[in-house]
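Report on the structure
Next come the chains, spelled out residue by residue.
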Amino acid sequence: MSMSPSPSADQPPVDARTAYTERLDLPWWLWLAGLVAAALLAVEIWMGAPGVRSWLPFAVLLPLTAVGLWWLGRIRVAVVGSELRVDDARLPVRFVADVVPLDVAGRREVLGVGADPLAFVVQRPWIGGAVQVVLDDPADPTPFWVVSTRHPVELAEAVLAARDALAFSGPANEQG
C-alpha cells in the first residue's frame, strides 16, 4: 500500500494544480473514545429516570459529540498552484525561505517552552509529524508556520517545488 499523499476516494482533488492535499482528520479510536464518553455521560444523566430524561441525553449528546469530532478533523492542508493552504489561511510560496519536516521530537521542540509567540500554528495532537515553514517577508511579523501533517517530507517537498517552480517561471506568474 502506498503512503503517498495523493488524492484518494476520501480526499477529492482541490484543483488541477494541486501538488499536495491532506485532511487532518481524527483516527478511528478517537471517534470511538469520544462517542463512548458521550454515551456514558448520557447514561449518567438518564440513570433510569422515566420520561424525557430517558431519551433526551442520548438524542442530544451523541449527535453533538459526532459534530464536535467532525469539526476537530475538518482542517485541510494543500499546496495549490503558488499557495500553501491551511484551512482558510493562505501563504504565497514566494515568501517561503525554507521548509523543515519535523518528527514528534522536532515538533515538541519548536512548539515547546521557547516557542515564538508570533508563529502561525495549526497543530493536531493526534498527528505526530509537522512541517516548519520559515518565512522571508519583511512586512509580516510572523517568523514561521508550523503545520501538522502525517507526511512531513512530502508536504515539504511540495511547498519547495511550488516555490522553485514560481521562481523559475519568473515574476510574471507571481499573482497566485
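What about the confidence of the model for the chain?
In this model, the chain carries a mean pLDDT of 85, and residues with pLDDT of at least 70 account for 87%. Segment residues 1-16 is flagged for pLDDT under 50; beyond a separation of four residues in sequence, or across chains, it makes 22 contacts in the model.

So, the pattern of salt bridges
What the rule picks out here adds up to five salt bridges. With a closest N to O distance of 3.0 Å, R85 and E83 form a salt bridge. The pair R85 / E83 is uniform in exposure class, with both members buried. D164 is the partner of R163 in a salt bridge, and the nearest nitrogen-oxygen pair spans 3.2 Å. Salt bridges linked by common partners bring E83, R85 and R90 together as one network.

Basis of the calculations
Residues numbered from 1 in each chain as written. Predicted model: local features only at pLDDT ≥ 70, side-chain atom pairs only at ≥ 80, totals over all residues. Heavy atoms only, no water. pLDDT = per-residue confidence, 0-100. Contact = heavy atoms within 4.5 Å. Salt bridge = Lys/Arg side-chain N within 4 Å of Asp/Glu carboxyl O. Buried < 20%, exposed > 50% of the residue type's maximum accessible area, 1.4 Å probe, protein only.

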